[in-house]
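Letter by letter, the chains look like this.
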Number of protein chains: 2
Amino acid sequence: MKKIINDPSTVVAESLRGFAAAHADLIRVQEDPAVVIRADAPVAGKVAVISGGGSGHEPLHGGFVGQGMLDAAVPGAVFTSPTPDAVQAAVAATTGEAGALLIVKNYTGDVLNFETAAELAAADGSDVHSVVIDDDVAVADSTFTAGRRGVGGTVPLEKIAGAAAARGDSLEAVEAVARRVIAGVRSIGVALSAPTVPHVGEPTFTLAADEIEFGIGIHGEPGRERIKAEPADALVARMVDAVVVDLPFESGDQVLLFTNSMGGTPLIETYLAHGIAERLLAERGIAVTRRLVGPYITSLEMQGISITLLKLDDELTELWDAPVHTPALRWKA
Amino acid sequence: MKKIINDPSTVVAESLRGFAAAHADLIRVQEDPAVVIRADAPVAGKVAVISGGGSGHEPLHGGFVGQGMLDAAVPGAVFTSPTPDAVQAAVAATTGEAGALLIVKNYTGDVLNFETAAELAAADGSDVHSVVIDDDVAVADSTFTAGRRGVGGTVPLEKIAGAAAARGDSLEAVEAVARRVIAGVRSIGVALSAPTVPHVGEPTFTLAADEIEFGIGIHGEPGRERIKAEPADALVARMVDAVVVDLPFESGDQVLLFTNSMGGTPLIETYLAHGIAERLLAERGIAVTRRLVGPYITSLEMQGISITLLKLDDELTELWDAPVHTPALRWKA
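Procedures and definitions
Residues numbered from 1 in each chain as written. Chains lettered and ligands numbered in written order. Predicted model: local features only at pLDDT ≥ 70, side-chain atom pairs only at ≥ 80, totals over all residues. Heavy atoms only, no water. Contact = heavy atoms within 4.5 Å. Buried area = accessible area lost by both parts, 1.4 Å probe. Salt bridge = Lys/Arg side-chain N within 4 Å of Asp/Glu carboxyl O. Polar contact = N/O pair within 3.5 Å; in protein donor to acceptor, adjacent residues only side chain to side chain. Helix = DSSP H or I, 4+ residues; strand = E, 2+ residues; numbered from the N terminus. Nonpolar A, V, L, I, M, F, W, Y, C, P; charged D, E, K, R; others polar. 1 Å grid on protein atoms, 1.4 Å probe; cavity = no way out; pocket = protein on both sides within 12 Å on 5 of 7 lines; lining within 4 Å. Points joined across faces, edges and corners; volume = space filled by probe spheres on them. Axes fitted to C-alpha atoms, helices over the stretch in contact; angles between N-to-C directions. Parallel < 35°, antiparallel > 145°, perpendicular 65-115°, else oblique. Least-squares fit on C-alpha atoms with pLDDT ≥ 70 in both.

Draft legend 1. Here's a closer look at the interface of chain A and chain B. Between chain A and chain B, the residue contacts involve 55 residues of the former and 56 residues of the latter. Around 4,200 Å² of area is buried between chain A and chain B when both sides are counted, 64% of it from carbon and sulfur atoms. Taken as a group, A:Lys2, A:Ile4 and A:Ile268 account for 22% of the area that chain A buries against chain B, more than any other trio of residues on that side. The tally of links between chain A and chain B comes to two salt bridges. We note a salt bridge from B:Glu269 to A:Lys3, for which the minimum N-O separation is 3.6 Å. Counting every contact that joins chain A to chain B gives 20 residue pairs in polar contact (both at pLDDT 80 or more). When contributions to the side of chain A that touches chain B are tallied by element, the ones reaching two or more residues are helix 1 (11-22), strand 8 (211-214), helix 6 (232-246), helix 7 (267-283), strand 11 (287-294), strand 12 (304-311) and strand 14 (330-331) of chain A. By residue number, the principal contributor to the side of chain A that touches chain B is helix 7 of chain A, which donates ten residues. Across the side of chain A that touches chain B, the residue classes tally to 30 nonpolar, 13 polar and twelve charged.

Draft legend 2. Molecular detail of the layout of surface pockets. The space that makes up the second largest pocket amounts to roughly 970 Å³. Taken together, 33 residues line the second largest pocket, and the ones lying closest to its centre are A:Ser193, A:Gln303, B:Ser193, B:Ala194 and B:Gln303. Residue composition of the lining of the second largest pocket, grouped by class: 14 nonpolar, eleven polar and eight charged.

Draft legend 3. Molecular detail of the packing of helix 4 (residues 154-166) of chain B against helix 8 (residues 314-321) of chain B. Residue and element names in this part refer to chain B. Between helix 4 and helix 8, the shortest axis-to-axis distance is 8 Å and the interhelical angle comes to 90 degrees. Between helix 4 and helix 8, the angle falls in the class roughly perpendicular. Across the interface between the two elements, Pro 156, Lys 159, Ile 160, Ala 163 and Ala 164 from helix 4 touch Leu 316, Leu 319 and Trp 320 from helix 8. When grouped by side-chain class, the residues that make up the contact of helix 4 with helix 8 number seven nonpolar, no polar and one charged.

Draft legend 4. Highlighting the relation of the copies chain A and chain B. When chain A is fitted to chain B, the residual RMSD is 0.0 Å, and the transformation amounts to a turn of 180 degrees plus an axial shift of 0.0 Å. The relationship between the two copies is best expressed as a two-fold rotation axis. Relative to the rotation axis, the closest C-alpha in chain A is found at A:Gly264, a distance of 2.4 Å. Of the interface residues in chain A, 100% have counterparts in chain B that sit at the interface too, so the contact is made through matching surfaces.

What follows is the structure in structure tokens.
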């Protein structure tokens, strides 16, 4: 294993130190337990929107802390759920009378630890609700999951819930918008290579030189099948098909198309895939009215992409367009 | 070679199609020859700032086209200089009475083709000046270069020259600011793995499992030496030393620190390296007053990072801070 690190056991803490130095205008980092907190938190009268999960998916979640998105992000060790006390610390640092919404990706450890934290916070007198995102259409259950995994849909979910909180929605209203996003978002991913977790030291899985894992998880969990490498046109068609038939997305729908690099796939290929997906959706009569392209939810240096579709209406579009100012997403602010 | 492409010969054109679809609010793409052009170009009365070079370094340069930075970017084939007619087309699409500044990275093909284009444009009556950036301290001459290579310093150069043009500076003034950036910026890169150029089909070079190329070029050109893999603290110290002694940067200086991922190195490692670099500069009495961290000038999926230091003064700081609204850099706009 060759990585730019000192010691696998200090990777997350050292990385957060650099992150804090780079973005002191937007966030602060609390240590032991590690939490990334919006610089001006708590924001009086506003619902706090909090997420988190294992590290190794950057910029998710810490890169989305700031104005108009998350109030706090709780980073676990690489590919490891954060502990309940860390989530509790995030709630304590950001949550006032208006309460907090926890956004949890559907992995058994995350669900359990965020639930425990919510109970601890409730005992402290905080009004804390949770939503669980499970947008990955690849498999019914997975290595670390009962039910579907939470993947790319997490990014628009955090953006839109954050915007609802920023405009002054109540906790119940922010939660309702979040549940509407979860109901209308679907994703699928593919891997061309495996990530290497620092404290493991070797690749999470092995793919032959001509193999692609179709339906990969963001921790390298197995997908639907291993397929032979194929041209991008065929691969992206396979991905778009899997996502579209699931909801289903239909002719006349307006959607956000999020084409994500898993980390190791360069932008030149990510944009190429995005162009194909736009064309295929247009052929189905599905109107792409908003886009996001780039590495926003990654799996360390894994090569691959994911495609996420979110069904939009006027309100979700308005919340997507609302100002955001975070290390990784920034517009109109 | 496993990549998300259809055909090595159409990678750039297909990628630009996706790029155009994703960012129609900011840019348009002209085909045959390929040029990325600011959506509202030509901007009356403004000096046009134009750059370009081989593809495979995304988001450089196309991702920096928009308000406050580049008016056009000319993408060649992967790792291949754009042709003079493409550069000429970029000048024609963006340049009015105020003239144009061409920003050229120091590679023999780029210098020759941009020079030819400048002569053609001058014959057409355009007032075109050029600057050549050669910020890589690694080696005196390189595979494709007489003199030093142009690397990470290109990003702040394009931002600052773009801001000078946006505030209404004359061509002579924009050029003078650009030359001041070039005089005060230095970079060095390292590689942990090699990129694979689509039309070549195999990695550009080979590194042993415990080797790092110190002083790598952005096309995989050899650096100063191959070193044994070492902890991040030692590696980043070696990089900071090489950059600092070159200008030299001195105690009391204010600098922009740009910690760049070469593509395949994830953000968690890039931020970790950034944190170390900030600490080492503080120990030398060099004040980091502005930062940029992430994959902004890449070498396809190559694993590695580069560190760029730019000496700042009040004017350069103000130009760095000025509004920018492009696909890859966006603030205050």
